[in-house]
Amino acid sequence: MSVDTEVRPGRHAATPPKKPGTLLRSTGDWARRAPLMPALVFMIIVTQLPFVVTIIASFMNWNAYYPDERSFAGIDNFRRVLTDANTRQAIWVTILLTAGVVLISLLLGLGIALLLDRKFRGRGAVRTMMITPFLVVPVAAALLWKHALYNPEYGLFNGVLKWIFGDNAPQPDWISNQPLWSVIFALVWQWTPFMMLILLAGLQSRPLDVIEAAGIDGASKWAIFRYMTLPHLRQYLELSALLGSIYVVQNFDAVFTITSGGLGTANLPYTIYQTFYTAHDYGRASAAGVIVVIGTILIATFALRSVSTLFKEEGR
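What you see is a predicted model, and the numbers here were worked out from it, not measured in a lab.

K.L.:
Mind showing me how you'd approach the overall build of the chain here?
P.N.:
Within the chain one finds 14 helices and two strands. The proportion of buried residues among the 316 residues of the chain is 33%. Sequence-distant contacts, at least 24 apart, represent 70% of the contacts inside the chain between residues at least 6 apart. Of the roughly 20400 Å² of accessible surface on the chain, a fraction of 67% belongs to carbon and sulfur atoms.

Structure below.
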């Protein structure tokens, strides 16, 4: 008698069983990932759900002063945010603040990194001391600058002026006279070590044999820096600028602590704070927050591209 092995119409061929090795590998992968699931769920709940709620609120007409008038507003909140004069001013202040802090911090960080790249006694201790401003709590750093440095009566800056020029030395009110620059310099002091760390890592990854060969061939230090060191640091400079922009554009502590958003220093995060806690306009504040997040994501996308390109070149 012959065995009928033909698959008849209407029937499906039996699925071949998984190999034992594949099954064990899949089980092992899940066993390794299972302990991470609670942390992943917690992160999603803490970070993503509030953002989803913010997106929903941004499309609603929701003001705590008029609780009975809550309704769906469409894109009206976004239109109001982008056409409001105060918000446009806050956007401009945010651009100026971010550009000023990032550019000055980059230049100072590059200069300090070039100095710390040289060999000298106590270099490790100096590097550690240069990093400390970045480790200070932002609010504490802002309070330090506001009271210990900028204060017109007992601040360090006016004390230095009096020590140099005598009792008739000018005693300016730094925050009142230059409010935006006062915030910028406080943030530059805090973010320069961050730029310095990235650029110092870039300097230490240079091909020293090529640089030594260029020096032996008669190239000057300026020529080596211009044509060899600076092109090598280009991606590190881009990465520093992008990462610094991501954080500085969201800065709230310095503006709130030093100037309280007055004297034309209110940036977008502070304007969102005022809209939410003072005007209690939750819909418009949420729309402004979504706009800030979108801008930050765009900057972060360029930063991630720079990081991936940098890693690819380092792996060659």
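Okay, back to it.
K.L.:
What is the right way to read the packing of aromatic side chains from this model?
P.N.:
The relative placement of two aromatic rings is captured by the distance of their centres and the angle of their planes. Enumeration over the complete set of coordinates arrives at 22 aromatic pairs. The structure contains a cluster of three or more aromatic residues connected by ring pairs, namely Trp-62, Phe-252, Phe-256, Tyr-270, Tyr-273, Phe-276, Tyr-277 and Tyr-282.

K.L.:
When you look at the pattern of salt bridges in this model, what are you seeing that I'm missing?
P.N.:
Oppositely charged side chains are able to pair whenever their charged atoms sit close together. Within the structure shown, the criterion is met by four salt bridges. Note that Glu-238 is salt-bridged to Arg-234, the shortest N-O span being 2.8 Å. Separated by four residues within a single helix, Glu-238 and Arg-234 lie in helix H11 (residues 221–248), roughly one turn from each other. Residues joined in a network through salt bridges with shared partners are Arg-80, Asp-281 and Arg-284.

K.L.:
How should the confidence of the model for the chain be read in this particular structure?
P.N.:
As a note on interpretation, predicted positions should not be read in detail where pLDDT is low. Per-residue pLDDT for the chain averages 81, and the proportion of residues at 70 or more is 86%. The low-confidence segment residues 1–7, where pLDDT is below 50, has zero contacts with residues more than four positions distant or belonging to other chains.

Calculation notes
Residues numbered from 1 in each chain as written. Predicted model: local features only at pLDDT ≥ 70, side-chain atom pairs only at ≥ 80, totals over all residues. Heavy atoms only, no water. Helix = DSSP H or I, 4+ residues; strand = E, 2+ residues; numbered from the N terminus. Buried < 20%, exposed > 50% of the residue type's maximum accessible area, 1.4 Å probe, protein only. Contact = heavy atoms within 4.5 Å. Areas by Shrake-Rupley, 256 points an atom, 1.4 Å probe, with all protein chains shown as cover. Phe/Tyr/Trp six-rings, centres within 6.5 Å; stacked < 30°, edge-to-face > 60°. Salt bridge = Lys/Arg side-chain N within 4 Å of Asp/Glu carboxyl O. pLDDT = per-residue confidence, 0-100.

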